[in-house]
Amino acid sequence: MYSASTDKQVPPPDAGKLVRLIIVAIIAIVIIAVAGNQAVILSMNFTEFGDQFSKPLYYSLVSTIILSAIALVRVNIIGRSSIFWYGLHTAIGFIGRGTQQPLSNNITSFKAYKLSPLQFIIWQITKILLFGAFFVNIMFGFAAISFIDGNNLGIENITNIFSLPFVTPTDGSYSVEQVVPMIPSLVLLLPPILAAIGLRLVLYVGVHKIINVITSYLQDSQSGKPRYLNYVSTVETIIGVGIVWLGFNLFFTDQIDYNTRYVIGGTLVIGFALLAFALVDRIRARVLTHMFKRDVYIRILTILAIAVIVGGLVSVNNSIADAKKIEYLGPYTAQQISLNRHIGQLDDIKENTHDVKLQSVSPNNIKNYVNQNKDVLNVVRVWDWEAAFAKLKPEIGLIPYVDFEDNDILRFNGTLYWTASMKPVLPSSVSLANTWYNEHLVYTHVPNGFLTLEATTGQIIDSSKFFKQREIYYGEGGLFSTTWSAYPNSRTTSAELGGVSYNGAGGLDVSPPLSWTFEPNFLLSFPAESVHVMRYKDVHDRMKTLYPYFLYDLFGKELDSIPVTDGTNSYWLIPLIVGFDTHDVPWSVGNPYLRLVGFALVDTYDGDIQLMKTGDDFFTDMFVSQYSDKFTPIPAWLEEQIRYPVELFNWKAEMYNIYHVNDVETFIQANEFYEIPQGLEAYYVEAKPPGFDTTEFVGLLSLELRGSQGRNLAGYMIVENDLNHLGDLQFYEVPLNSTTKLIGPTAVREALDKDPTFAELKTLLRNPRIGDNILYRVGQHDVYFIPVYTAGSGGVVAQLGTIAAVGAAFTGEYYVGLGDTQEQAFEAYLKKVSGVAGSSTSVNVDYIELGKTDRINIIKSSFTDNKIEISEPTSIQIPLSFKEGEIFFFTENDRLDTQDFLKKFIDNFVKPRTDRVFMWQENSNLNIGTIIVKDNIPEMHYISIEIGN
């Protein structure tokens, strides 16, 4: 019934409050879940990796505390100001102010705002906790701990840097003596510290004082007494400190020349002048509120005068240096050369003069010459990367869950092989609903992870001959880099590919409830049992996590790691390259400082990491001292498989391209710099460069003269890979005035294309692919061996069409030999050079081609001089014929050999029995014989001399 009591309306439920509570609850759950997941991952990392994970974390923490303390922590407990808390206090005041209140009523003086001593101390600690992550610099933390342990990192020499701009060096070694001892500090300690101090100045000199000026102005304006001179003094202080700090940082520059001293001096003078004006204005502000116009002019004119004087000195110096470049810029250029030669370790490169000659081989000696150089010819790398890749690709067959990742040139037992490594991929046929299951539990590895092809013969080799362990659980790319794998410890049957059950030491067991937090699916699928989880399966990700000190991406490309084997287990060999920015190192001109510390061996089955040392620089010593228990000696089985990193080889070659020039005048003229030919890469081959007694595994990189219109080589660089000489570089320089040139890759292709025999063959092969053109030294000949394939890398099958041997020595004509094998191609090339095959021109003064009639007359004279009659029948019909020898006779160089050959024939078969010989021609051969009757049977004993058609 209706009554007064029932007339009261029930207030509607507060729906907005409920929604807010739900949102807050969802956010809290997400935060807890994310934080919990990260905490579980952190715990798993500690459990699985131990100090391999904790050490980098420790160094990061050290850097965080030191750098954030330098940048953020205040020690002025008397002032006890805080930008953050003042801003928060002011914002709260704005929220609670009345609409009619003036703005200035809610802005208190920043100078008057202070925290309590306890709040101030707690806030300094809190800032490190809140903002410390922005200051993480693991290399600084590593260096700081090393410094604390007693390694001074050359810090005692750092004061020398302040004298460098004001000294005109007279000796090129000055920079090495003065700067090199400081390099550890200049690349590790000083840059982060300077950056932190700079941030501190911005915050506590710049921002603090600007806020102080603004709040003081508002407060003073409210009382009607603005103190403009005081504000100007503060602004002058801010600008002055900034300019002084800029001038201080100019000492830490990568370039110093004859003008640097004036720029630094002028900058510091302007900065200190502004600070002096600020001090004067601060004193005068006690009695004055405004600046006199005269004072404004004085300050502006003072700064302009200093800037004009410095600018004038710089301009005059530059003008004089244009005419006296060597006298002015020379001393500083010498320092740049010396320091960068140290940075690039160029003084360790052995320089050889390569005397290029084109020498013909006697046609009679060509086969013997080829046999004498079989050691080089048998190891010529005929199959290049693309051809090997194309030939190996069909070996995968119809397997949809693996794909190629990389193809590396390796050496086993003195033979080169292309070894293709593979990665697991998710088949495109897997449905979305089954993706998680297949990614984590099925496609956990590559069953047969390596394919091998012999680089000379192109024969596919059974990889188990070298890699007994071919199952890859830790590798490169594919599912390795995108996900983790797992299996329940209670499994009785395996879901992994092929039904195999992983039994290695990689990964760790995760029990509930940690397993639920790591992966929520485990809560429902394996609620009461532990799960074995394998993470960081990409070897580069694994190394980055555990050893983040090194570079795993260099010059825009992932560092090349190669598979190696001890005969039982398989590993990834990863170079440990450390790199530093040198923009704070005088005369470095910003060239990076790179060093090879050693190598890491990562087991392909369990992910175990072994470290091996090869370096001898300051960082190697630091790293080994901190990780001494992780290093093992380089095993004997690795000595032949190890390979110097191609990235470092290329970098050193690039440094050498410029800084091989020691002469200052030549350097400034910049007319003898080298460059790597466009499109050319470093080739790793078995070869025997000049000075080597046997073939060795070397890296080869050709260099051209930069800016030259010709396409000839200035020389070529090799790097040795045998462990005893690992990283030893030699440069074979072709003198600029050499009459015989060493043609480069572009000219080689042109020579091949112009060869008429190849042009005809190219038509028959129907658009073949030209392979690598690799320069070899075969005996006394520099020869490019170029494989020609009938199918490119996109084809199903790659086949070798022919091999070209193109002479690199050039005196005006190209010599090209073709053959089915490298031996045949080289033999054909030698015949071209000696004039046996095809037309040729004079190549040197010793080479004279004789006419056919002249050669026949010379042959006949050997008999007529011995009073032997020559009969020339139209045909010979003798029951028995015996060839006693054969020889070529084409050039003047062959005359003596031919005459000696004829003399032996006359002495052994003619003079003892008769004074007559028979001479007749068969095709391109001239035959000479004598008849001997034995047991009433006539026998023809003859020799054959090839004289051409």
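Scroll up a little and you will see the structure.
Residues numbered from 1 in each chain as written. Predicted model: local features only at pLDDT ≥ 70, side-chain atom pairs only at ≥ 80, totals over all residues. Heavy atoms only, no water.

A. Fine view of the pairing of strand β29 (residues 916–922). Bridge count between strand β27 (residues 869–871) and β29: three bridges; the pairing is parallel. Looking at the pairing, Ser-871 lines up with Phe-918 of β29. Across five bridges, the pairing between β29 and strand β30 (residues 925–934) is antiparallel. Residue Gln-921 lies in a different strand from β30, and its bridge partner there is Leu-926. Counted along the chain from β29 to the antiparallel partner β30, the turn is two residues long, and its residue Asn-923 has a positive phi close to 55°. (Pairing = 2+ DSSP bridges. Helix = DSSP H or I, 4+ residues; strand = E, 2+ residues; numbered from the N terminus.)

B. Summary view of helix α26 (residues 852–864). The end-to-end C-alpha distance of α26, which contains 13 residues, comes to 18 Å, matching closely the 18 Å that a straight helix rising 1.5 Å per residue would cover. Every buried residue of α26 is accounted for by Arg-855, Ile-856, Ile-858, Ile-859, Ser-862 and Phe-863. Here the buried residues of α26 occupy an arc of 160° about the axis, which is enough to place them on one side. (Expected span 1.5 Å × (residues − 1). Buried < 20%, exposed > 50% of the residue type's maximum accessible area, 1.4 Å probe, protein only. Arc of directions from axis to C-beta.)

C. Representation of the packing of helix α8 (residues 228–249) against helix α9 (residues 260–284). The interhelical angle for the contact between α8 and α9, taken along N-to-C directions, is 160°, at an axis separation of 8 Å. Considering the angle they form, α8 stands roughly antiparallel to α9. Crossing angle aside, the handedness with which α8 passes α9 is left-handed. (Axes fitted to C-alpha atoms, helices over the stretch in contact; angles between N-to-C directions. Parallel < 35°, antiparallel > 145°, perpendicular 65-115°, else oblique. Left-handed = near helix turned anticlockwise from the far one by under 90°.)

D. Highlighting the environment of Thr-620. Note that Thr-620 resides in helix α20 (residues 618–626). Among the residues examined, Thr-620 registers a relative accessible area of 0% and is labelled buried. Separated by 16 residues in the primary sequence, Thr-620 and Ala-636 place their C-alpha atoms 22 Å from one another. Sequence-distant contacts of Thr-620, that is, excluding residues within four places in its chain, are made with Leu-596, Val-597, Lys-613 and Gly-615. (Contact = heavy atoms within 4.5 Å.)

E. Inspection of helix α11 (residues 325–343) at higher detail. Taking 1.5 Å per residue as the helical rise, α11 with its 19 residues ought to reach 27 Å, and the 25 Å between its terminal C-alpha atoms agrees with that figure. Most pronounced at Pro-331, the bend in α11 amounts to some 35°. Gln-345 sits one or two residues past α11 and shows a positive phi near 55°. (Bend = angle between axes of the 7 residues up to and from the residue.)

F. Fine view of a negative patch on the surface. On the surface, a cluster of negative charge is made up of Asp-348, Asp-616, Asp-621 and Asp-728. Position of Asp-616 among the secondary structure elements: in the loop between β14 (609–613) and α20. The class of Asp-616 is exposed, set by a relative accessible area of 65%. (Patch = residues over 30% accessible without salt bridge, like charges linked within 9 Å, V, L, I, M, F, W, Y side chains within 5 Å. Areas by Shrake-Rupley, 256 points an atom, 1.4 Å probe, with all protein chains shown as cover. Salt bridge = Lys/Arg side-chain N within 4 Å of Asp/Glu carboxyl O. Lys, Arg positive; Asp, Glu negative; His and termini not counted. Charge placed at Lys NZ, Arg CZ, Asp CG, Glu CD.)

G. Structural context of the packing of aromatic side chains. One pass over the full model with this rule turns up 64 aromatic pairs. Each ring, one from Phe-142 and one from Phe-619, has its centre 5.4 Å from the other, and the planes form 40°; the classification is tilted. Remark: Phe-619 occurs in helix α20 and Phe-142 occurs in helix α5 (residues 138–148); sequence separation between them is 477 residues. There is no split in this pair, since Phe-142 and Phe-619 are both buried. Residue placement shows Arg-491 over the ring face of Tyr-487; its charged tip is 3.8 Å from the ring centre. Its end group placed over the ring of Tyr-593, Arg-595 keeps NZ or CZ at 4.2 Å from the ring centre. (Phe/Tyr/Trp six-rings, centres within 6.5 Å; stacked < 30°, edge-to-face > 60°. Lys NZ or Arg CZ within 6 Å of the ring centre and 35° of its normal.)

H. Representation of the nonpolar core in the model. Judged by nonpolar contacts, the single largest core of 202 residues is most densely connected at Tyr-547, Tyr-549, Phe-550, Phe-619, Phe-623, Phe-785 and Phe-826. Per-element tally for this core: the top contributor is helix α7 (residues 183–223), with nine residues. Those residues within four positions of Tyr-549 in sequence are excluded, and the remaining contacts are Lys-55, Pro-56, Tyr-59, Ile-138, Met-139, Phe-142, Val-578, Phe-619, Phe-623 and Tyr-627. Residues Ile-906, Phe-909, Ile-943 and Ile-945 belong to the second largest nonpolar core, which totals 21 residues. (Core = buried A, V, L, I, M, F, W, Y, C linked by side-chain atoms within 4.5 Å.)

I. Spotlight on a nonpolar patch on the surface. On the surface, a nonpolar cluster with roughly 530 Å² of combined accessible area is contributed by Ile-77, Ile-78, Ile-121, Ile-125 and Leu-129. Tracing the backbone shows Ile-125 in helix α4 (residues 117–131).

J. Fine view of the environment of Gly-817. Checked against the element boundaries, Gly-817 lands in strand β26 (residues 816–819). When its relative accessible area of 0% is taken as the criterion, Gly-817 is described as buried. As a C-alpha pair, Gly-817 and Val-806 span eleven residues in sequence and 6.4 Å in three-dimensional space. Contacts of Gly-817, omitting those with residues within four sequence positions, involve Ile-803, Ala-804, Ala-805, Ala-825, Ala-828 and Tyr-829.

K. Summary view of the side chain of His-532. For His-532, the location among the structural elements is in strand β8 (residues 531–534). Side-chain polar atoms of His-532 contact the backbone oxygen of Gly-506, separated by 2.6 Å. Every residue in contact with His-532, bar those within four places of it in the chain, is listed here: Ser-485, Ala-486, Tyr-487, Asn-489, Gly-506, Gly-507, Leu-508 and Asp-509. (Polar contact = N/O pair within 3.5 Å; in protein donor to acceptor, adjacent residues only side chain to side chain.)

L. Geometry of the layout of surface pockets. Looking at the largest pocket, its volume works out to about 1,100 Å³. Lining of the largest pocket is provided by 39 residues; of these, Trp-385, Lys-557, Val-646, Glu-681 and Ala-682 occupy positions nearest its centre. For the lining of the largest pocket, the per-class residue count stands at 15 nonpolar, seven polar and 17 charged. (1 Å grid on protein atoms, 1.4 Å probe; cavity = no way out; pocket = protein on both sides within 12 Å on 5 of 7 lines; lining within 4 Å. Points joined across faces, edges and corners; volume = space filled by probe spheres on them. Nonpolar A, V, L, I, M, F, W, Y, C, P; charged D, E, K, R; others polar.)

M. Region of the structure containing the pattern of salt bridges. Per the counting criterion, the structure on display carries 30 salt bridges. Here Arg-284 makes a salt bridge to Asp-281, at a shortest N to O gap of 3.9 Å. Residue Arg-284 and its partner Asp-281 are both found in helix α9; the two are separated by three residues, about one turn of the helix. Overall, Asp-281 belongs to the buried group, its relative accessible area being 0%. The closest approach of N and O atoms between Asp-782 and Arg-777, which form a salt bridge, is 2.8 Å. Under the relative-accessibility criterion, Arg-777 is labelled buried at 12%. Residues participating in the shared-partner salt-bridge network are Glu-236, Asp-281, Arg-284, Arg-294, Asp-295 and Arg-299.

N. Main features of the environment of Glu-236. Take Glu-236: it is sitting in helix α8. Assessed through its relative accessible area of 8%, Glu-236 is described here as buried. On a C-alpha basis, the gap between Glu-236 and Asp-375 in space is 78 Å, while along the polypeptide they are 139 residues apart. Contact partners of Glu-236, with chain neighbours within four places excluded, come to Leu-274, Phe-277, Ala-278, Asp-281, Met-291 and Arg-299.

O. Looking closely at the sheet that holds strand β4 (residues 450–454). Spatial ordering of the open sheet is given by β2-β3-β4-β5, a layout of four strands whose pairing is antiparallel. Among the strands making up the open sheet, the edge pair consists of β2 (402–412) and β5 (460–461). Seen against the sheet, helix α14 (residues 385–392) touches β2, β3 (415–424), β4 and β5 and runs at an angle of roughly 125° to β2.

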